[in-house]
Amino acid sequence: PPPFNLKSYMSKYFNLSISLTDLYASWSRESPTIFTPEISSNVRGVRVLNQDPWETLLCYLASSNNNIPRIHKLMEDLRRNFGERLLRIEGEGGDKKAD
């Protein structure tokens, strides 16, 4: 398999190729009663993730009646037990080492 490219992966995951200005304008056109100028000014930087549907479903189910630290722990446990390791970050300094 080709080498893992973290920058490319993160760019695709966060949909960085999509202009936020265009995205917000689209939301305002499609849902003007929901995506008002007031809301638009308070969600700067909000993006639609290009998240795997299965991961999205699991996060949604885990989020019901939970707090953020518990949801994070649940997702970490699922990734650790069933996911494929792409990157390991060691130490407090954030030293990155590929597996």
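Residues numbered from 1 in each chain as written. Predicted model: local features only at pLDDT ≥ 70, side-chain atom pairs only at ≥ 80, totals over all residues. Heavy atoms only, no water.

Focus: the confidence of the model for the protein chain
Now for step 1: For the protein chain, the average pLDDT comes to 82, and 90% of its residues sit at 70 or higher.
Now for step 2: Within the protein chain, the lowest mean pLDDT, 49, falls on strand 2 (residues 95-97), and the highest, 90, falls on helix 1 (residues 6-13).
Now for step 3: Low confidence marks residues 94-99, where pLDDT is under 50. Its contacts with residues over four positions away, or in another chain, come to 12 contacts. (pLDDT = per-residue confidence, 0-100. Helix = DSSP H or I, 4+ residues; strand = E, 2+ residues; numbered from the N terminus. Contact = heavy atoms within 4.5 Å.)

Some words on the packing of aromatic side chains
Now for step 1: Applying the stated rule across the entire model yields six aromatic pairs.
Now for step 2: Ring centres 5.1 Å apart and planes at 80° place the aromatic pair Trp 27 and Phe 35 in the edge-to-face group.
Now for step 3: When its relative accessible area of 23% is taken as the criterion, Trp 27 is described as partly exposed.
Now for step 4: Every member of this aromatic cluster is reached through a ring pair, and the members are Phe 4, Tyr 9, Tyr 13 and Phe 14. (Phe/Tyr/Trp six-rings, centres within 6.5 Å; stacked < 30°, edge-to-face > 60°. Buried < 20%, exposed > 50% of the residue type's maximum accessible area, 1.4 Å probe, protein only.)

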